[in-house]
Amino acid sequence: MKQDHKTWADWLAICERCELDVARILNWKATDGEARCRADLTATNPKSRCEMWIRELVWLADKHLIVLDIIETASPGIKSQWQLHCPTKPQIGDHQYTISNRPPERSWADPTLKSDCEEARLFCQTVAPRDYTLLLHADGEAQAFHADGRHQGTCEGNPYHRKFGSSVVQIETAGRIRQTVFLHVLTATDEDGSGSLKTELRLVSPGRVELSVDDVKTILAVPKWFHHPSED
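The rules behind the values
Residues numbered from 1 in each chain as written. Predicted model: local features only at pLDDT ≥ 70, side-chain atom pairs only at ≥ 80, totals over all residues. Heavy atoms only, no water. Salt bridge = Lys/Arg side-chain N within 4 Å of Asp/Glu carboxyl O. Helix = DSSP H or I, 4+ residues; strand = E, 2+ residues; numbered from the N terminus. Buried < 20%, exposed > 50% of the residue type's maximum accessible area, 1.4 Å probe, protein only. Pairing = 2+ DSSP bridges.

Description of the pattern of salt bridges
For the coordinates displayed, the defined rule picks out eleven salt bridges. For the salt bridge of Arg102 with Glu119, the shortest nitrogen-to-oxygen distance reads 3.8 Å. Of this pair, Arg102 sits in the loop between strand E7 (96–101) and strand E8 (120–128) while Glu119 sits in the loop between E7 and E8, and the two are 17 residues apart along the sequence. Overall, Arg102 belongs to the partly exposed group, its relative accessible area being 42%.

Concerning unusual backbone geometry
Pro129 follows Ala128 through a cis peptide bond whose omega is 0°. Tracing the backbone through its elements, the reader meets Pro129 in the loop between E8 and strand E9 (132–138). Phi is positive for Asp139, close to 55°, though the residue is something other than glycine. Mapped onto the elements, Asp139 comes out in the loop between E9 and strand E10 (141–146). Residue classification places Asp139 among the exposed residues on the basis of a relative accessible area of 65%. Although it is not a glycine, Asp214 adopts a positive phi angle of roughly 55°. Along the chain, Asp214 falls in the loop between strand E15 (208–213) and strand E16 (216–221).

Digging into the pairing of strand E2 (residues 34–40)
Along a regular strand, successive side chains alternate from one face of the sheet to the other. The buried count for E2 comes to five of seven residues, which makes it a mostly enclosed element. Note: strand E1 (residues 24–31) against E2, seven bridges, orientation antiparallel. Residue pairing in the sheet places Ile25 in a bridge with Ala39 of E2. Hairpin connection from E1 to E2: two residues lie between these consecutive antiparallel strands, with Gly33 at a positive phi of about 85°. Two elements, E2 and strand E3 (residues 50–60), share seven bridges in a ladder whose sense is antiparallel. What sits directly across from Asp40, in E3, is Ile54.

Written out as structure tokens, the structure reads:
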């Protein structure tokens with residue numbers, strides 16, 4: 001239970017005092033093989049820290065969740081981070097980390113609700129940016145990893161996550177930059193599912209990229225300042 005906003009009135013008072021608001025849905029669309037929703041979350045953050053935050057969720061081919069975040073901070077000194085809370089400690093790899101989990105050992109009110117597989121895995125692939133630091137908060141400490149999965153040793157991390165988070169991953173941009181695009185592909189499989197997903201990002205035109213995940217593709221709207229790695 002939240003201690004600072006137990007009621008709807010408490011929450012509204014906090015938003016008014018902090019000058020915060022809810023997100024706005026910009027557009028959405030659902031077709032065969034793809035459903036998407038784009039929202040403006042800028043007002044959910046203090047103006048002193050966030051100039052822009054756009055998030056788009058795309059459910060592709062009934063198997064891949066694409067998460068696109070377009071962020072512009074108020075100053076270069078404010079770092080952009082993308083984070084995911086994990087039920088178990090993930091395995092860190094090259095621009096990807098894998099989370100394995102099992103159904104809870106308990107009786108089910110309706111046996112049909114229990115999963116047939118004993119273990120499932122979630123593959124989270126970071127398509128953009130290509131250069132970043134991954135911070136893993138687990139077992140009361142924080143570990144840093146290079147984007148290619150190389151361990152960089154312990155780090156300070158987030159004190160709150162070290163103390164209270166069971167397993168929290170944070171993707172942190174490199175350098176002092178205001179504008180960032182985070183692009184992630186999350187794919188859940190059963191125990192035997194393959195994690196070798198092939199993703200490819202191609203610049204179609206200024207402000208439009210094509211993301212290919214295995215044999216399916218989708219088009220995403222990005223800022224014209226977005227720099228595609230293949231342009232190097």
